[in-house]
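# A look at the structure
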Amino acid sequence: MRQIDVLRALLASGEFHHATYRNQGTVWEGLHFYRRSESGFRGYDHAGCVGKNDPDLDAAHDLVAHTGISVGCYGGG
């Protein structure tokens, strides 16, 4: 399953928690998204990532732009 499809499913189900864009020279660069989780860290856990070179990156960003995307882990990129 494509990562953008996972993201769409989370949004449709109401399980989406937040998205973070990591962009400071790591192998994890891209749009990471998280699901609500009672057992996860602070009520969420990692659900997937649309990588920086993925052709779906712009579309994924458009899907979550209204949610207030953070930049990096605790604002650190």
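Bear in mind that the values here come from a model prediction, so they are computed numbers and not experimental data.

### Focus: the sheet that holds strand β4 (residues 70–71)
With respect to topology, four strands assemble into an open sheet ordered β3-β2-β1-β4, the strand pairing being mixed. Strand pairing shows two members of the sheet lacking a second neighbour, β3 (44–51) and β4, which therefore form its edges. In terms of strand pairing, strand β1 (residues 16–22) meets β4 through two bridges, oriented parallel. By the bridge assignment for β4, T20 is matched with S70.

### What about helix α2 (residues 57–64)?
The set of residues buried in α2 consists of L57, A60 and V64. End-on view of α2: buried residues confined to an arc of 60°, all on one side of the axis. Across α2 from its buried face, at more than 90 degrees, point the exposed residues D58 and D62. On its buried side, α2 packs onto α1 (3–13), β1, β2 (30–41) and β3.

### Some remarks on the nonpolar core
Counting 13 residues, the largest nonpolar core has L7, F16, L31, F33, A60 and V64 as its most contacted members. Going through the elements one at a time, α1, β1, β2, β3 and α2 are the ones with two or more residues in this core. Ranked by the residues each element gives to this core, the list is headed by α1, at four residues. If we skip the residues at most four places from it in the chain, L7 touches F16, F33, A60, L63 and V64.

### What to know about the environment of G68
Among the secondary structure elements, G68 is positioned in the loop between α2 and β4. For G68, a relative accessible area of 53% gives the class exposed. The spacing of G68 and A19 is 49 residues in sequence and 7.8 Å in space, taken between C-alpha atoms.

Reading the values: rules and limits
Residues numbered from 1 in each chain as written. Predicted model: local features only at pLDDT ≥ 70, side-chain atom pairs only at ≥ 80, totals over all residues. Heavy atoms only, no water. Pairing = 2+ DSSP bridges. Helix = DSSP H or I, 4+ residues; strand = E, 2+ residues; numbered from the N terminus. Buried < 20%, exposed > 50% of the residue type's maximum accessible area, 1.4 Å probe, protein only. Arc of directions from axis to C-beta. Contact = heavy atoms within 4.5 Å. Core = buried A, V, L, I, M, F, W, Y, C linked by side-chain atoms within 4.5 Å.

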